[in-house]
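The lines below spell out each chain.
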Amino acid sequence: MKSAPFKYMRPDTLEEALSVLVEHGEDVRVLAGGQSLGAMLNMRIVTPSILLDLNLLTELSWIEEVRGFLATAALVRQRDALDDATVREHIPLLAQALPHVGHYQTRNRGTLGGSVAHADPSAEIPLVLATLGGEVELRTARQIRRVKASQFFRSALVTAREPDELLTALYWPRRNPAQRSAFVEFAVREGDFAIVAVACTLDAGTLRIGFAGCGETPQIIERTGLVDLDAATIQTIAREASAGLACQSDLLGSSEYRRQLAAVLASKAMSALTRETVHA
Amino acid sequence: MSTSEKWVGRSIERFEDEALLTGQARFMDDLEPVAGLCYAAILRSPHSCAEILSIDVEAARKLPGVIEVLTPDDVVAMSKPIGNLISRKLQYYPCAVKRARYFGEPVAVVIAEDRYIAEDALDLVVVKYEPKAAVVDPEDALSSSATVLHEEFGSNVVHERTFQYGDPEAQFAKAAKVVACKVNYPRVNSTPIETYGVIADFDASNGRYTVWSNFQGPFALHPIACDALRVKGHQLRLISPPSSGGSFGIKQGVYPYIVLLALAARKAGRPVKWIEDRLEHLAASSASTGRVTTVEGAFDAEGHLLALRLSQLENVGAYLRPPDPAALYRMHSTLSGPYRIRHISVDNKAVVTNQVPSGLNRGFGGPQFYYPLERMMDLAAAKFGMDAAELRLRNVVRSDEFPYDTVTGSRLESGDYRKCIEAALERAGYPQLLARREQARRDGKHFGIGIALAVETSASNMAYVNLALTHAQRLKSLPKSGAAGRARVIMDPLGSVIVHIDSVPNGQGHRTVMAQVVADEIGVLPEDVEVVSDLDTFGGAWSITSGNYSNRFSTVVTSAAKLAGQQAARKLRAAAAKELGVDPDQVQLVNGMASAPGGKNEPIQIRRLAMQLHWDAGNLPDGVDGSISELAEFSPSSLTVPDEHDRMRSSLAYSFQCDLVALEINSATGRVHIEKYVTVHDAGNLLNPAVVEGQVRGGFAHGFGAGMLERVTYAADGTLLSGTFQDYMCPTAPELPDVDIVHVITPSPNTLHGAKGLGDGCSMLTPVTLANAIADATGIKDLTPPFLPGRLWHLMRGEDPDAFTRKRQPPETGSALTLKGALRGDGTVAIDAPRQQVWDTLLDPAKLKSIIPGCESIDATGPETFIARVRVNIAGIGGLYDTKIRIFDRKEPQSLRLSGRGESKLGLGEGEAFVTLKEDGGGGTVLSYEYSADVGGRVAAFGQRMLDGVVRILLASFFDRLRAYLRGETPSSGLMATVRGWFAMLQMLRGPK
Amino acid sequence: MLEIEAGEKTTIRFTLNGKPVQAQAESRMQLADLLRHVLKKYGTHVGCEHGICGACTVLVDGRAVRSCLMFAAQVEGASVVTVEGLSNATGGLSELQAAFRRHHALQCGFCTPGILASATQFLQDNNAPSEHEVRDMLSGHICRCTGYTGIVEAILMTAQKRGGA
């Protein structure tokens, strides 16, 4: 179970990385943390002719406040984001989700950007980005564009990134002081991909619930003008939201079961919102 | 020496651990025992059932660094099929010959300078297959319409025997109640973290194969491997590595690879190393047998179990691989379990299916037997309105009945089953649990209590394997019996103690326990005893029964070592007696010193006595024949062949176990929460209690895994769905609940330390204990593990929990499709072109060539058929594929039917689509399609979650390009270019839709 | 930019257990294979090559990572510690290793080196972990022998002994 041969390219600058993509585009796989890609290479599920290793690009490991957003560069490791005080302060939902991402050991190496670029349908980080209405920065040698998460995730493992583009940063809307958030998921074993994961925010009467693991991409529902999130309202919203989800079947759960979990978890997450008082 | 001073019975730290903890222990893949090693990789069938039309290895052979490629033709030329007990017509070679019969079966072996190159070359081997309808379910294998796996044999039923003990029919006739239970018990894989490994070398000068392998025995398989290689015993030298990374039985199944790699080394003319990878292990090492059992119990009015009627259908996978069908017979002589049943009938069948061949996996035949038996006992308790524990107490062998001879011939030598059950009830706080259950039920919660019992067999009499033969057949074959253990105690010229044992441990601490045993006999400290557990068939203390199975270490191997130690001690005493001037009987051997009360000299170092026997051989004490090198065999004479009524003692020692669990199920999610788990064991005397505790906890982890998480799962076409550690889910630390362990000790009179063994333990009993509690909590009668939340949730709603893996039902009315694929969908595309033009485009190979992404050529091979050659090169996925396409049922210009079938290294797929074209009234066309597709091979094993979306995207891409083409544009890579995943190759698998 | 052609072997320089080393390898070689088969540090074991079992876990720049999911070229300039580097300075068992032996936290020992690597970082992060936290960290490792009880005890006792708890 060894990778097929590839040309290894390790740029020292972002500019070099982008030029490789311009020149070789479709022949390249971009290596960030490698916690999914490494396994896919070993299994020869992917056999790129070039492996572009970003791991030396210090240009891609910053966390900064940028107008209404907290921006995290693509190579910020999950472990470092978990330890980061600004992440906890400005994107508490991400801080709530990160302990569920993989394992202690894979978070040491796995990155925020890599997880979003990989776009696994059950992954927590894409779910949080989509639920918060965040954006993805894509760069080519010539231009930078920002794509809303809702436009970025196209299907399971399929994104809007073009072959010559590099995912360089994630833009997370900063929590306003009144926002509350909750994250819950259901997996068979701890550290497994969730069968269903639910992220949830409540802000000035606007409730957003995101679901991962059900369909091919994160699915978000929004309710506005909520006055009170009482138990009956929670039940109604959970039922309605789950009924509208696209749900798939696999060995771990049928589509019906996923829909059921979505309702259970959505209720749980909303209940947690009503209890939550301290954010950071 | 008083008992309290003995080393045996103490929880000393293990001598194995320092090397393991510092990275100095040497496992199979750490060995480079001969110069010039090269490395093998194995090409494996992506089909569970297919004729192999051709294998072209020329391109692989030409790759720089490749030394040789071993093909099935070579294997047939250089070896014989691996023999089995039943029939020569059931041919089993270590690779697929003419036909592949399970997913992952070896098809060719590439030998190269390193593993990376070997795997590169696998991608260059071209195999043409003709797939056939797979037989996956054991009950389907019985059907007359099922594919016959071994045509020469002529039937999928490879073994059939019936047995009767007592007069069960009379008992059933007079029974007050008859309780029946049917179970289709799944297959599991013990998955040690170290996989199989083999290094093989061939010496052409003397025709000898030397093989290093983490094979764990039974060494009865050594003659079978020799036979397959067509060599004498001394021409296959097997050597085990110093350390082995776990086995739980499964490393028995490495022996076909010993044969395969021996042949590879011979063909390559170089020593070859092969280390199995995890995907190979999960697909093609070995799994426990699956078993469909119907058990009926005849009870009298008071709930006494009078008789059992058993019908067992064993799924041995694709080949009848020795020692199977032994799993069907491991428990045969204890079919009454712990109960006083005098009347039993058994109807046994074994079938072959397109699944991995079976072999030893923890519990070998035990879980498959105790699960239905103990489910039936619970169903009976419910029928009698009796407490489940009470019903069992009423039926177990009574304390005053030991030794108890079962009607099938076993002798349960000692025990106190009632005491064990009571201990479990007491430790669990049974009355409180019952009260909690009442309360929980009032609160609408699903709280259940489960209890189950088992007799665990230790030191198998190898004769039991021959129960698969009739008495008449047995009389004509070589008699087999016994359960010998062997050990040699050596004291070298410097007086060091070395012990050779034949148990081939895989992590159980045998070296530590053996040091305790021998230290007690010859009066030295355990740390002064060097125990050698690596086995070499050219030396050491091995015999045909050697190996690590059926708890033989704690029973017969330690007994043999005790005998060898006694022989050594006798010599030491004789030597000491001469110097001390006393009778040998008066000499005490303690703490490294020989002394005698009232002797004339100071105590003498034991080490020095041993040295003297070497250095002063001309002056040996009376009755001593030389220095200490004492081989002892412990071979119980009670273990004989089955009698004419198929009765026999199948094992030397019989332990007892009672498990009790209390759990609660969240009905909203199907998640089970374990509140309390108690396991009570009577394994006789404990040789090292800490090691014993490790065995109990480890056995529980396996049992819990089999009960809650693990299952070897196949799709309806025989594709393995549990092919990675993501999908074959072993328990990790957060899932495993605490276990409360209780020991009740009734020593075995049959072993020299009174030990009985408990290595299988909870792995046999935990699945059914959990099932009984889940049934208690939910009222569901028909339960098969694993109790994954998603399965349990469906079960609690009275639904099929495994619909996902089943063959799809025919499409609902209205569907035009004939293919019952697992992936289905439909769609509509508006195309801005006249209908006839769309029609013509779809039927024009030249035009399709520019529409199908990556299509290099498309050629008509008949009026309806095409072959498309397509290069996929998307985001790092590359490859050239030939896809067969058929366009038929044409109703120009309204509708047509397309079918496609393609294959690649990653898998295969077939699809069918029904396409209709309608005019939209404005000069354009509305194209509607309905599709059905199936995916097999590696791709299906890896990515269940992804496939639906991928098919949709691929179709969308095709139609995008069709639209663009008809608009006169050059189709761009479009959506296809955004496919970032490995599964983009699916495009090939399906052909254009 | 470092470029290594497919099939090309290059010299990789890094620090292994505190000592500078260099080795020739193709860039596609797994770090686990580099450590074991090129540098002959056989203490690191390979169990699944897809990042689940955790047997191959080593410390790279102080962090526990899967050496099957890193490629040889990636450790250029890094500091790698394997189980061979975890013993105490005099070569005897470290506190953690001794606790593993005392609590029978291993049987076959094949998964153990990876667990030791994880536990080493984990105990530096968290000097007074709860049982739940230990089990959560261990979810990144599969042990088929022990049922984990002894492993959890050994890690908790090591923390306690170091005065964290």
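Residues numbered from 1 in each chain as written. Chains lettered and ligands numbered in written order. Predicted model: local features only at pLDDT ≥ 70, side-chain atom pairs only at ≥ 80, totals over all residues. Heavy atoms only, no water.

Draft legend 1. Main features of the overall build of chain B. Across its full length, chain B carries 26 helices and 35 strands. A compact globule built from 993 residues would reach a C-alpha radius of gyration of about 30 Å, and chain B, at 32 Å, matches this within 12%. With the C-alpha coordinates of chain B rotated into their principal frame, the extents come out at 120 × 75 × 55 Å. Here chain B holds 993 residues, and the buried ones make up 64% of them. Long-range contacts, defined as pairs at least 24 residues apart, comprise 77% of the intrachain contacts of chain B with a sequence gap of at least 6. When the accessible area of chain B is evaluated, it comes to approximately 33,100 Å², of which 48% is carbon and sulfur surface. Once the 105 positive and 115 negative side-chain charges of chain B are each reduced to a mean point, those two points are 3 Å apart. (Helix = DSSP H or I, 4+ residues; strand = E, 2+ residues; numbered from the N terminus. Rg over C-alpha atoms; globule rule 2.2 N^0.38 Å. Buried < 20%, exposed > 50% of the residue type's maximum accessible area, 1.4 Å probe, protein only. Contact = heavy atoms within 4.5 Å. Areas by Shrake-Rupley, 256 points an atom, 1.4 Å probe, with all protein chains shown as cover. Lys, Arg positive; Asp, Glu negative; His and termini not counted. Charge placed at Lys NZ, Arg CZ, Asp CG, Glu CD.)

Draft legend 2. The arrangement of the pattern of salt bridges in detail. For the coordinates displayed, the defined rule picks out 84 salt bridges over all chains. Aspartate 760 of chain B serves as the salt-bridge partner of arginine 330 of chain B, at 3.0 Å between the closest nitrogen and oxygen. Of this pair, arginine 330 of chain B sits in the loop between strand E14 (305-315) and strand E15 (343-351) while aspartate 760 of chain B sits in the loop between strand E28 (740-743) and helix H19 (762-778); the two residues are 430 residues apart in sequence, bridging distant segments of the chain. Across this residue pair, the class does not change: arginine 330 of chain B and aspartate 760 of chain B are buried. Three or more residues are tied together by salt bridges with common partners; here these are Arg44 of chain A, Arg44, Arg115, Glu119, Asp120, Asp123, Asp277 and Glu280 of chain B together with Glu26 and Arg28 of chain C. (Salt bridge = Lys/Arg side-chain N within 4 Å of Asp/Glu carboxyl O.)

Draft legend 3. Representation of the packing of helix H10 (residues 366-384) of chain B against helix H11 (residues 388-395) of chain B in the model. Residues and elements named next belong to chain B. Taken N-terminus to C-terminus, the directions of H10 and H11 make an angle of 110°; their axes are 9 Å apart at the nearest point. Between H10 and H11, the crossing angle belongs to the class labelled roughly perpendicular. Helix-helix and strand crossings are classified by hand; for H10 and H11 the assignment is right-handed. Listed contacts from H11 to Glu374, Met377, Asp378, Ala380 and Ala381 of H10 are Ala388, Leu391, Arg392 and Asn395. (Axes fitted to C-alpha atoms, helices over the stretch in contact; angles between N-to-C directions. Parallel < 35°, antiparallel > 145°, perpendicular 65-115°, else oblique. Left-handed = near helix turned anticlockwise from the far one by under 90°.)

Draft legend 4. Spotlight on the interface of chain C and chain B. Across the boundary between the two partners, chain C contributes 47 residues, which contact 53 residues of chain B. Along the contact surface separating chain C from chain B lie seven salt bridges. One salt bridge connects arginine 28 of chain C with aspartate 120 of chain B, and the closest N-O pair in it is separated by 2.8 Å. Our count for the contact surface shared by chain C and chain B stands at 22 residue pairs in polar contact (both at pLDDT 80 or more). Of all the secondary structure elements, the ones that give two or more residues to the side of chain C that touches chain B are helix H1 (31-38), helix H2 (95-102), helix H3 (112-125) and helix H4 (131-138) of chain C. A per-element tally of the side of chain C that touches chain B places H2 of chain C first, with four residues. Along the lines of polarity and charge, the residues of the side of chain C that touches chain B split into 19 nonpolar, 17 polar and eleven charged. (Polar contact = N/O pair within 3.5 Å; in protein donor to acceptor, adjacent residues only side chain to side chain. Nonpolar A, V, L, I, M, F, W, Y, C, P; charged D, E, K, R; others polar.)

Draft legend 5. Here's a closer look at the sheet that holds strand E23 (residues 593-595) of chain B. Residues and elements named next belong to chain B. Taken in spatial order, the three strands of this open sheet run E22-E23-E24, and their pairing is antiparallel. Single-partner strands in this sheet number two, and they are strand E22 (588-590) and strand E24 (604-605). Sheet topology note: the E23/E24 ladder contains two bridges and is antiparallel. By the bridge assignment for E24, methionine 593 is matched with glutamine 605. (Pairing = 2+ DSSP bridges.)

Draft legend 6. Examining the domain arrangement of chain A more closely. Partitioning chain A into domains gives domain 1 (7-53), domain 2 (58-173) and domain 3 (180-275). Put simply, the middle of domain 1 of chain A and the middle of domain 3 of chain A, counted by C-alpha atoms, are 35 Å apart. (Domains from an automatic or database assignment.)

Draft legend 7. Fine view of the sheet that holds strand E13 (residues 290-299) of chain B. Residue and element names in this part refer to chain B. Spatial strand order, E7-E15-E14-E13-E8: five strands in an open sheet with mixed pairing. A single partner strand is all that each edge strand has here, and the edge strands are strand E7 (157-165) and strand E8 (177-185). Neighbour-to-neighbour, the strand axes of the sheet open up by a mean angle of 5°, direction not taken into account. Direction of pairing for E13 relative to E14: antiparallel, over a ladder of ten bridges. Counted as the bridge partner of alanine 298 is alanine 307 from E14. Of the strands in this sheet, E8, E13 and E14 touch H10, which is tilted by about 145° from E8.

Draft legend 8. The packing of aromatic side chains, seen in detail. One pass over the structure, following the stated rule, counts 22 aromatic pairs over all chains. Here the aromatic rings of tyrosine 257 of chain A and tryptophan 793 of chain B are separated by 5.4 Å at their centres, their planes lie at 50°, and the arrangement is tilted. Here tryptophan 793 of chain B lies in helix H20 (residues 789-796) and tyrosine 257 of chain A lies in helix H11 (residues 255-275), a pairing that spans two chains. Between tyrosine 92 of chain B and tyrosine 319 of chain B, the ring centres sit 4.8 Å apart and the planes meet at 35°, which makes this aromatic pair tilted. A residue pair is termed long-range when its members are at least 10 positions apart, and tyrosine 92 of chain B in the loop between helix H3 (72-78) and strand E4 (99-100) and tyrosine 319 of chain B in the loop between E14 and E15 qualify at 227 residues. According to the relative accessible area criterion, tyrosine 92 of chain B is buried, its value standing at 3%. Pairwise contacts between aromatic rings join Tyr92, Tyr102 and Tyr319 of chain B into one cluster. Positioned above the aromatic ring of phenylalanine 69 of chain A, the side-chain terminus of arginine 146 of chain A is 5.0 Å from the ring centre. For the cation-ring pair, arginine 309 of chain B lies above phenylalanine 172 of chain B, with the distance from its terminal atom to the ring centre recorded as 3.9 Å. (Phe/Tyr/Trp six-rings, centres within 6.5 Å; stacked < 30°, edge-to-face > 60°. Lys NZ or Arg CZ within 6 Å of the ring centre and 35° of its normal.)

Draft legend 9. Inspection of the confidence of the model for chain B at higher detail. All names here are of chain B. Scored by pLDDT, chain B comes out at a mean of 91, with 91% of its residues at no less than 70. Low pLDDT, under 50, characterises residues 873-878; the stretch is placed with 29 contacts to residues that sit more than four places away or in other chains. Here residues 972-993 is a poorly scored stretch, pLDDT under 50, and it has 98 contacts once near neighbours within four places are set aside; other chains count. (pLDDT = per-residue confidence, 0-100.)

Draft legend 10. Structural context of H11 of chain B. Residues and elements named next belong to chain B. The buried count for H11 comes to six of eight residues, which makes it a mostly enclosed element. Considered for burial, the residues of H11 that qualify are Ala388, Ala389, Leu391, Arg392, Leu393 and Asn395. The N-cap residue of H11 is aspartate 387: its side-chain oxygen and the backbone nitrogen of alanine 389 are 2.8 Å apart.

Draft legend 11. Structural view of the nonpolar core. By size, the foremost hydrophobic cluster in this structure holds 265 residues, and its most contacted members are Phe100 and Ile155 of chain C. Tallying contributions element by element places helix H8 (residues 255-268) of chain B first for this core, with eleven residues. The residues contacting isoleucine 155 of chain C, other than those within four sequence positions of it, are Leu96, Phe100, Ala119, Phe122, Leu123, Val134, Met137 and Leu138 of chain C. One finds Ile12, Ile522, Ala576 and Leu589 of chain B within the second-largest nonpolar core, a separate group that totals 53 residues. (Core = buried A, V, L, I, M, F, W, Y, C linked by side-chain atoms within 4.5 Å.)

Draft legend 12. Fine view of the environment of lysine 2 of chain A. Along the polypeptide, lysine 2 of chain A turns up in the segment before strand E1 (7-10). Residue classification places lysine 2 of chain A among the buried residues on the basis of a relative accessible area of 8%. For the pair lysine 2 of chain A and leucine 41 of chain A, spaced 39 residues apart in sequence, the C-alpha separation works out to 7.4 Å. Not counting residues within four places of it along the chain, the set of residues in contact with lysine 2 of chain A comprises Leu41, Asn42 and Arg44 of chain A, Arg115, Tyr116 and Glu119 of chain B together with Gln30, Asp33 and Glu49 of chain C.

Draft legend 13. Examining the domain arrangement of chain B more closely. Residue and element names in this part refer to chain B. By the assigned domains, chain B splits into domain 1 (3-16 + 484-634), domain 2 (31-132 + 190-284), domain 3 (157-188 + 288-465 + 641-689 + 748-756 + 769-780) and domain 4 (823-990). Using only C-alpha atoms to locate each centre, domain 1 and domain 3 end up separated by 39 Å. Listed by partner, the interface residues are 24 residues for domain 1 and 20 residues for domain 3. Of the roughly 1,600 Å² buried between domain 1 and domain 3, counting both surfaces, carbon and sulfur atoms make up 65%. Where domain 1 touches domain 3, the interface holds zero salt bridges. Between the two partners, domain 1 and domain 3, sit nine residue pairs in polar contact (both at pLDDT 80 or more). Counting only elements with at least two residues in the side of domain 1 that touches domain 3, the list comes to helix H15 (510-522) and helix H16 (552-580). Here the side of domain 1 that touches domain 3 gets eight residues from one element, more than from any other, and that element is H16. (Buried area = accessible area lost by both parts, 1.4 Å probe.)

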